[in-house]
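Architecture at a glance
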Amino acid sequence: MKQVYGHLDDFCKLSDNTKETYLRKGETNHGYIKPGQERFDGKSKDIRHTFNICTLKPDGGPLPDEPLPGFRDHVSDLATDFKRLSALLLQALAVGMELPYGYFLEKHRHILDGESENQSTFRLLYYPPLIEDDGKNELLRGTCKYSQQRCTKDEIDLSLPEDYRAKVREQQEQEEQELQQITRCGAHCDYGTFTLLAQDSEGGLEVKLPGTDRWKRVGHLPGAILINAGELLSTWTGEKISALQHRVIIPQEETIRTRGRHSLAFFVHPDNCISIAPIDLPASSSSNSLDSDEKKTKGRKKSFKTAKSKIYNAYQHVQRRFKETYAS
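Looking at an unreviewed UniProt entry, the chain carries the name Fe2OG dioxygenase domain-containing protein, with the source organism given as Anopheles melas. Regarding the chain, the relevant UniProt record gives this comment under Sequence similarities (unreviewed entry): "Belongs to the iron/ascorbate-dependent oxidoreductase family."

Dropping the structure here:
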């Protein structure tokens, strides 16, 4: 992981012209994404450098091997490890839900074989330090207009005019709104089955506790990998496994704000052609199984109605979410 973080740092130091030759283009998800291009919550610009890798095949998407020797080899080795771990988790998930152990594995045969087969992505992320530009620290200089006035009071009124105070308040409110629209990563749920997330010690990741409006910071445990359930897994399980909403906040601690943050995300998606609909789970694996035959009948009708309204394939779902994320 440290080697890959180092390669990403070296990539970010390249000239803008060089980095832009690897930009993500059109409907493809492979490639470099500049800070501010993504808006996960629909309005906030995410301030981070991102490189998406959608295939490990030599003839796949371009990687910066020429300016950065060893980039492809180290990234491919790590991505292969994440792919193997994903296969193990997909089997464990099926066993835990009392399904055949290969149930989910068969739906994820083409991870990192290319976007024509599967939308899984290995994503390298670097959040640059938040350092105030010196120009922003200059005092705001106003303009003074002098005119002769007749004093109606014995004391001189040195208070600021109301229209000036209103202008200052409006300016402060505008600055606060602009700050709120710039985050390291806005609140969102991942699109696919699940995501394997590794991060460094700089922090900032928060998750929204299911069923509440409370956000909780995720601490750093060296070597740990966080598993985020995605939207497609939530649909498959009838929302028994909820998609985990998360975000990356701007730290309040000045010492942390001035340091960069690294993370690696392995987005696991089903193959493009896989239809997405709620699974008919065994009764014992359901946390809210129904007792009476009448309730079971009503449940099946409701489940069928829900499934009918949600049948689509994995590719359609991901492309719709990409259009929302990268909409200007």
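With the exception of glycine, most residues fall at negative phi, and the peptide bonds are largely trans. If you check the backbone angles, E98 has positive phi at about 60° while not being a glycine. Positive phi, normally seen in glycine, also occurs at E239, with a value near 70°. A relative accessible area of 53% means that E239 is categorised as exposed.

If you look at soluble globular proteins, the nonpolar side chains tend to sit buried side by side. One finds F51, F104, F122, L124, L264 and F266 to be the most contacted residues of the largest nonpolar core, which totals 43 residues. Among the secondary structure elements, those contributing two or more residues to this core are α1 (2-12), β3 (49-53), α3 (71-96), β4 (121-127), β7 (194-199), α5 (231-236) and β12 (261-268). The element contributing the most residues to this core is α3, with eight residues. Dropping the residues within four chain positions of it, F104 is found in contact with L90, L93, A94, M97, L99, W236 and I279. Core analysis: the next-biggest nonpolar cluster, separate from the first, contains seven residues, L197, V248, A265 and F267 among them.

A word on the side chain of S234. Considering the arrangement of structural elements, one finds S234 in helix α5. Non-local contacts of S234, meaning those with residues more than four positions away in its chain, are made with E239, I241, S242 and A243.

The contact between α1 and α3 brings their axes to 9 Å, and the two run at 140°. For the element pair α1 / α3, the angle class is oblique. For the pair α1 and α3, the sense of crossing is left-handed. Contacts from Q3, V4 and H7 of α1 reach α3 at F71, H74, V75 and L78. Residue composition of the contact of α1 with α3, grouped by class: four nonpolar, three polar and no charged.

Using the criterion set out here, one finds ten aromatic pairs in the structure. Ring geometry for F11 versus F51: centroids 5.3 Å apart, planes at 90°, classification edge-to-face. Remark: F51 occurs in strand β3 and F11 occurs in helix α1; sequence separation between them is 40 residues. Residues F11 and F51 agree in their burial class; the two are buried. Relative to F51, the ring of Y22 lies with its centre 6.5 Å away and its plane at 50°, an arrangement referred to as tilted. Taken as a pair, Y22 in the loop between α2 (16-20) and β1 (31-33) and F51 in strand β3 lie far apart in primary sequence, 29 residues in all. Y22 sits in the buried class, given a relative accessible area of 14%. Judged by its relative accessible area of 1%, F51 is buried. An aromatic cluster is defined as three or more aromatic residues linked by ring pairs; in this entry it consists of F11, Y22, Y32, F51 and F71. K107 extends its terminal NZ or CZ atom over the ring of Y103, reaching a point 3.8 Å from the ring centre. Sitting over the face of the ring of W215, R247 holds its NZ or CZ atom 4.1 Å from the ring centroid.

Time to look at the confidence of the model for the chain. For the chain, the mean per-residue pLDDT works out to 76, and 68% of the residues sit at or above 70. Confidence, expressed as mean pLDDT per element, reaches its minimum in the chain at helix α7 (residues 293-310) with 48 and its maximum at α3 with 95. Within the model, pLDDT remains below 50 along residues 178-182, and this stretch shows seven contacts once partners closer than five positions in the same chain are excluded.

Taken as a whole and assessed by the stated rule, the structure comprises six salt bridges. Among the ionic pairs, R72 bridges to D65, the shortest N-O distance being 2.9 Å. Residue classification places R72 among the buried positions, given a relative accessible area of 19%. Given a relative accessible area of 27%, D65 falls into the partly exposed group. The salt bridge involving D81 is made with R84; its shortest N-O contact spans 3.8 Å.

The buried count for β7 comes to six of six residues, which makes it a mostly enclosed element. Every second residue of β7 is oriented toward a common face, with F194, L196 and A198 on one face and T195, L197 and Q199 on the other, all of them buried. Bridge count for β7 against strand β10 (residues 226-229) is four bridges, and the pairing is antiparallel. Bridging across to β10, T195 finds its partner in N228. Pairing of β7 with β12 involves six bridges; the strand directions are antiparallel. Across the sheet, Q199 pairs through a bridge with S263, a residue of β12.

Each value, and the rule that gives it
Each chain has its residues counted from 1, following the order in which its sequence is written. At least 70 in pLDDT is required for a residue's local features to be given in this predicted model, at least 80 for side-chain atom pairs to be given and counted, and no such filter applies to totals for whole chains, interfaces and linings, which use all residues. Only hydrogens and water are set aside; all other atoms, that is, all heavy atoms of the structure, feed into the side-chain values. UniProt positions are given in the numbering used here, feature names are shortened, and annotations may be inferred rather than shown by experiment. Think of it in three bands: with a 1.4 Å probe and only protein chains considered, a residue is buried below 20% of the maximum accessible area for its type, exposed above 50%, and partly exposed in between. We define a nonpolar core as any set of buried Ala, Val, Leu, Ile, Met, Phe, Trp, Tyr and Cys residues linked to one another through side-chain atoms lying within 4.5 Å. Put simply, DSSP H or I for four residues or longer makes a helix, DSSP E for two residues or longer makes a strand, and each gets a number counted from the N terminus. Contact between two residues is taken to exist if any of their heavy atoms lie within 4.5 Å; hydrogens are not considered. To obtain an axis, a line is fitted to C-alpha atoms, over the contacting stretch when the element is a helix, and the angle between two such axes runs from 0 to 180 degrees between their N-to-C directions. Each angle receives one of four descriptions, namely roughly parallel if under 35 degrees, roughly antiparallel if over 145, roughly perpendicular if within 65 to 115, and oblique otherwise. By definition, any crossing whose near helix is turned counterclockwise from its far helix by less than a right angle is left-handed, and any crossing with a clockwise turn is right-handed. By the convention adopted, Pro, Cys, Tyr, Trp, Phe, Met, Ile, Leu, Val and Ala count as nonpolar, Lys, Arg, Asp and Glu as charged, and the other residues, Gly among them, as polar. Here a Phe, Tyr or Trp ring, Trp counted by its six-membered ring, pairs with any other such ring whose centre lies within 6.5 Å, and the pair is stacked when the planes are under 30 degrees apart, edge-to-face when over 60, and tilted otherwise. Two thresholds decide whether a charge sits over a ring: the Lys NZ or Arg CZ must be within 6 Å of the ring centre and within 35 degrees of the ring normal. Per-residue confidence from the predictor is given as pLDDT, running between 0 and 100. The term salt bridge refers to a side-chain nitrogen of Lys or Arg lying within 4 Å of a carboxyl oxygen of Asp or Glu. Here, strands pair whenever DSSP counts at least two bridges between them.

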